[in-house]
Amino acid sequence: MRASVASIALFATAVGCAGPRASEAPSGKPISEQDLAQRHLQAPLDQHLCKAAVYPTAGSDWRLVRVQSLAGRGVSFATALEALCREVDGQKLPAVVDIYFWRAPGGWSPNYELRGTAVRFEEGFSPPSPPAWENIKPPDMPTNLDEEPPPAGEGGKKTSSRHHGRKA
């Protein structure tokens, strides 16, 4: 019985060690996330590879079907816009409209988060040419709400004198 358990353990170890090691470099050192992304997963977001059209706002007379709200995050407006655009590409939709900031960078996350609506155009409608990628301006930034509100019962105008250490 011990021999069979030992042989099974040895076999499992050999099979587990024989698999490909995609997370290690030939030198045996770990690969950085940036190197892994460049080799296997995707091109970095600072390279413009998106094929979907980006319209900061949709015209009121455009015939389109709003399909899905999507988000893109990045360390700058340009990288967040590229991430959003690649999400639209991933859904195989032709365009994204009505771009807005969902969250400003700060506090716990230094990244921008953009939201937009992925759309499909109705048959027979051809939208105008999208603005050049370099000419897309960032939308208005939301106010940064990183400040924590005072605890309940403190800081309001209707606090009693007991809260301030005074006798009533």
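Residues numbered from 1 in each chain as written. Predicted model: local features only at pLDDT ≥ 70, side-chain atom pairs only at ≥ 80, totals over all residues. Heavy atoms only, no water.

Q: Explanation requested: the pairing of strand E4 (residues 112-121) in the structure shown.
A: The side chains of a regular strand alternate, residue by residue, between the two faces of the sheet. Of all 10 residues in E4, 7 are buried; the element is thus mostly enclosed. Across 10 bridges, the pairing between strand E2 (residues 64-74) and E4 is antiparallel. Its bridge partner being in E4, Leu 70 is matched across the sheet by Gly 116. (Buried < 20%, exposed > 50% of the residue type's maximum accessible area, 1.4 Å probe, protein only. Helix = DSSP H or I, 4+ residues; strand = E, 2+ residues; numbered from the N terminus. Pairing = 2+ DSSP bridges.)

Q: Explain the pattern of salt bridges to me, please; I cannot follow it from the model alone.
A: Should the charged atoms of two oppositely charged side chains come close, the side chains can pair. Using the criterion set out here, one finds 5 salt bridges in the structure. Between Asp 98 and Arg 66 there is a salt bridge, and its shortest N-O distance comes to 2.8 Å. In this pair, Asp 98 is assigned in strand E3 (residues 95-103) and Arg 66 in strand E2, connecting sequence segments 32 residues apart. Given a relative accessible area of 25%, Asp 98 falls into the partly exposed group. For Arg 66, a relative accessible area of 46% puts it in the partly exposed group. Glu 82 is the partner of Arg 86 in a salt bridge, and the nearest nitrogen-oxygen pair spans 2.8 Å. In this pair, Arg 86 and Glu 82 both sit in helix H3 (residues 77-90), 4 residues apart, roughly one turn of the helix. When sorted by exposure, Arg 86 lands in the same class as Glu 82, which is buried. Among the ionic contacts, a cluster of salt bridges with common partners joins Arg 73, Glu 113 and Arg 115. (Salt bridge = Lys/Arg side-chain N within 4 Å of Asp/Glu carboxyl O.)

Q: I would appreciate a short explanation of the state of the cysteines in the present structure.
A: Here a disulfide denotes a covalent bond joining the sulfur atom of one cysteine to the sulfur atom of another. Counted by the stated rule, this structure contains 1 disulfide. One disulfide in the model links Cys 50 with Cys 85; its S-S distance is 1.6 Å. One disulfide, between Cys 50 and Cys 85, carries an S-S torsion of -65 degrees and so falls in the left-handed class. Placement of Cys 50 in the loop between helix H2 (33-41) and strand E1 (53-55) and of Cys 85 in helix H3 is noted, with a sequence separation of 35 residues between them. Neither residue differs from the other here; Cys 50 and Cys 85 are each classed as buried. (Disulfide = S-S within 2.5 Å.)

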